[in-house]
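Structure assessment
What follows is the residue order along each chain.
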Amino acid sequence: MRKSPSIASLSVSIATAGVLLVSAAGCSTGPTNSGQNSAEGTPSVAPSSPSGTQAPSSPPASVTKPAVPSPAPSVAPVPAPSTPSAAEQQLAALSLEQRVGQLFMVAAKASGPEPGTMEALTKYHAGNVYLSGRSKAGTAPTASLVSSLTGTVSAATTGGVPLFVATDQEGGYVQVLSGPGFSTIPTALVQASSGAAKLRADAATWGKELSSVGVNVNLAPVLDTVTSPQFAPSNAPIGHFQREYGYDPANVSLLGNAFADGMKDAGVAPVVKHFPGLGRVVPNTDVTSDVRDTATTRNDPALGPFHAAIKSGARWVMVSNAYYVKIDAANIAPFSSTVMDTMLRNDAGFKGIVLSDDLCSAAQLEAWSDAERALNFFGAGGTMLVCADPASIPAMHQAVVQKATSDPAFRAKVDAAALTVLRVKANQ
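This write-up is about the structure you can find in this document. (Residues numbered from 1 in each chain as written. Predicted model: local features only at pLDDT ≥ 70, side-chain atom pairs only at ≥ 80, totals over all residues. Heavy atoms only, no water.)

**Topic: the overall build of the chain**
Of regular secondary structure, the chain possesses 14 helices and 14 strands. Within the span of the chain, comprising 428 residues, buried residues form 50% of the whole. Counted over contacts in the chain with a minimum sequence separation of 6, partners at least 24 positions apart contribute 77%. Of the roughly 18,300 Å² that the chain leaves accessible, carbon and sulfur atoms contribute 55%. (Helix = DSSP H or I, 4+ residues; strand = E, 2+ residues; numbered from the N terminus. Buried < 20%, exposed > 50% of the residue type's maximum accessible area, 1.4 Å probe, protein only. Contact = heavy atoms within 4.5 Å. Areas by Shrake-Rupley, 256 points an atom, 1.4 Å probe, with all protein chains shown as cover.)

**Some words on the pairing of strand S3 (residues 164-167)**
Side chains Phe-164 and Ala-166 project from S3 onto one buried face, and the interleaved Val-165 and Thr-167 project onto a second face that is buried too. By the bridge criterion, four bridges tie strand S2 (residues 128-132) to S3 in an arrangement that is parallel. Note that in S3 the partner of Val-129 across the bridge is Val-165. For the crossover from S2 across helix H5 (residues 139-150) to S3, the handedness is right-handed. Of the strand pairs in this sheet, S3 and strand S6 (residues 217-218) are connected by two bridges, and their pairing is parallel. Its bridge partner being in S6, Ala-166 is matched across the sheet by Val-217. (Pairing = 2+ DSSP bridges. Right-handed = clockwise from strand over helix to strand, strands pointing away.)

**Some details on the packing of helix H2 (residues 86-93) against helix H14 (residues 408-425)**
It is at 9 Å that the axes of H2 and H14 come closest, and there the two elements cross at 130 degrees. In this view, H2 runs oblique relative to H14, as classed from their interaxial angle. Judged by the twist between their axes, the crossing of H2 over H14 is right-handed. Here Ala-87, Glu-88, Gln-90 and Leu-91 of H2 lie close against H14, whose contacting residues are Asp-415, Ala-418, Leu-419, Leu-422 and Arg-423. (Axes fitted to C-alpha atoms, helices over the stretch in contact; angles between N-to-C directions. Parallel < 35°, antiparallel > 145°, perpendicular 65-115°, else oblique. Left-handed = near helix turned anticlockwise from the far one by under 90°.)

**Quick look at the nonpolar core**
The biggest cluster of nonpolar side chains holds 112 residues, and the ones touching the most others in it are Phe-104, Leu-131, Trp-316, Leu-355, Phe-378 and Leu-385. Sort the elements by how many residues they give to this core and H14 lands first, with eight residues. With residues up to four places along the chain from it excluded, the contact list for Leu-355 reads Leu-219, Val-271, Trp-316, Val-317, Met-318, Val-319, Phe-377, Met-384 and Val-386. (Core = buried A, V, L, I, M, F, W, Y, C linked by side-chain atoms within 4.5 Å.)

**Section: H5**
In this model, H5 (12 residues) spans 16 Å end to end at C-alpha, consistent with the 16 Å of a helix rising 1.5 Å per residue. All buried positions along H5 are accounted for by Thr-142, Leu-145, Val-146, Ser-147, Leu-149 and Thr-150. Tucked into the core, H5 has its buried residues touching strand S1 (104-109), helix H4 (115-122), S2 and S3. (Expected span 1.5 Å × (residues − 1).)

**Quick word on the pattern of salt bridges**
Tallied over the full model, the rule gives 15 salt bridges. Residues Arg-298 and Asp-347 are paired through a salt bridge, measuring 2.7 Å at the closest nitrogen-oxygen approach. Residue Arg-298 is located in the loop between strand S9 (292-293) and helix H9 (304-311), and its partner Asp-347 is located in helix H11 (residues 337-347); the two are separated by 49 residues in the primary sequence. By relative accessible area, Arg-298 is classed as partly exposed at 38%. Taken together, the shared-partner salt bridges in this structure form one network comprising Asp-168, Glu-170, Arg-243 and Lys-273. (Salt bridge = Lys/Arg side-chain N within 4 Å of Asp/Glu carboxyl O.)

**Considering H11**
For H11, every residue scored as buried is listed here: Val-339, Met-340, Met-343 and Leu-344. In a view along the axis of H11, the buried residues occupy a sector of 120 degrees, so they form one face of it. On the buried face of H11, the contacting elements are strand S8 (272-275), H9, strand S10 (316-319), helix H10 (325-328), strand S13 (353-358) and helix H12 (370-379). Structurally, the start of H11 carries an N-cap: the backbone nitrogen of Thr-338 is 3.3 Å from a side-chain oxygen of Ser-336. (Arc of directions from axis to C-beta. Polar contact = N/O pair within 3.5 Å; in protein donor to acceptor, adjacent residues only side chain to side chain.)

**Quick word on the state of the cysteines**
Counted under the stated rule, the structure contains one disulfide. Across a sulfur-sulfur distance of 2.1 Å, Cys-360 and Cys-387 are joined as a disulfide pair. Around the S-S axis, the bridge from Cys-360 to Cys-387 shows a dihedral of about -115 degrees and counts as left-handed. Of this pair, Cys-360 sits in the loop between S13 and H12 while Cys-387 sits in strand S14 (residues 384-387), and the two are 27 residues apart along the sequence. For Cys-387, a relative accessible area of 0% translates into the label buried. (Disulfide = S-S within 2.5 Å.)

**Regarding the environment of Gly-112**
Following the sequence through the fold, Gly-112 ends up in the loop between S1 and H4. For the pair Gly-112 and Ser-144, spaced 32 residues apart in sequence, the C-alpha to C-alpha distance is 10.0 Å.

**Side note on the environment of Val-317**
Locating Val-317 in the fold gives a position in strand S10. Taking C-alpha positions, Val-317 is 9.8 Å from Met-340, a pair spaced 23 residues apart along the chain. In this structure, Val-317 is in contact with Val-271, Val-272, Phe-275, Ile-310, Leu-344, Phe-350, Ile-353, Val-354 and Leu-355, ignoring residues within four places of it in sequence.

In structure tokens, the structure reads:
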């Protein structure tokens, strides 16, 4: 058994022997040379005398005619072939089933994983896991649990690629791990009162506790801006539990990103959430369906904290499960290419992992089958799917593999998403 590595050390296991980046379908998944400038390639030649015209007389014998060298052919340089990165080499070595496995983060109960979790990690090649529920066992038993999960990594399961091991360690009502060795973390609203500098230092301490047990990703901080203290009690997912860092985007950005920076200081990757924000909804998508935000726009000031996090190097953004009527009324955010491609990739310039919220147990998803949830998410541009119910993994994994096998465009999305995961694991 081995402890899950830190983010910085994940790159050691990513490098493999130099392998050309060719997908299982035989198509290159690396950068394509869009075409070289064709060389002119023809030496300059002086034209012959026109027909019927007397040629000039030869120079006197005493005069030596200077030699005029012919100009060299104009040839465009041939660019040297690029060397595949470690992540590209690793992708080339993975089967399609293993590539798809990298796109899932499956729940493992913090009190001990269920058989379904272990099956997801071994049979369905899941490349990422998160500790869910609640545990008061403390650091030593948690480290042993994490070791049992990371010990599933092998050539047959993940192709030797290490797991991302995550948990929800926000503080307050949302703290999965507690007990000896873990701090009692206050709510975000209380954290905010300490100021940015102290909060960053505190978060680094909390992050080191996670790192010590093999957790390398924290599904925090919340960067949702609740509209006011008066509205907060009615805002079921965020304000009701004091998960907000304030009531205006500037304060949320300053303090929420101080927490994120502290996690990074400890070698733990923060996940900023829930893009594009849950601070204006009333019901909670975990327990209610058809939750809609009717106010947030594509250029909303409430997006500011997320944009600041991305500019400061965040590699993970979690997307909420709500509908956003003024952005894409027809699709919930994890099924919306407008939210994930247009707003995150294009508008914000985000190149990291677009992570879903739970797509397996949330009431907001009850209208779709497990297979539809996975296909819709990856088809719209998602990178990694969070699944709170391991029993859903087989149907999801099989659906993605089958569609990738028959649909080249979808296969390209799967390969691109897997390469993004591998790059983040390699810290590239």
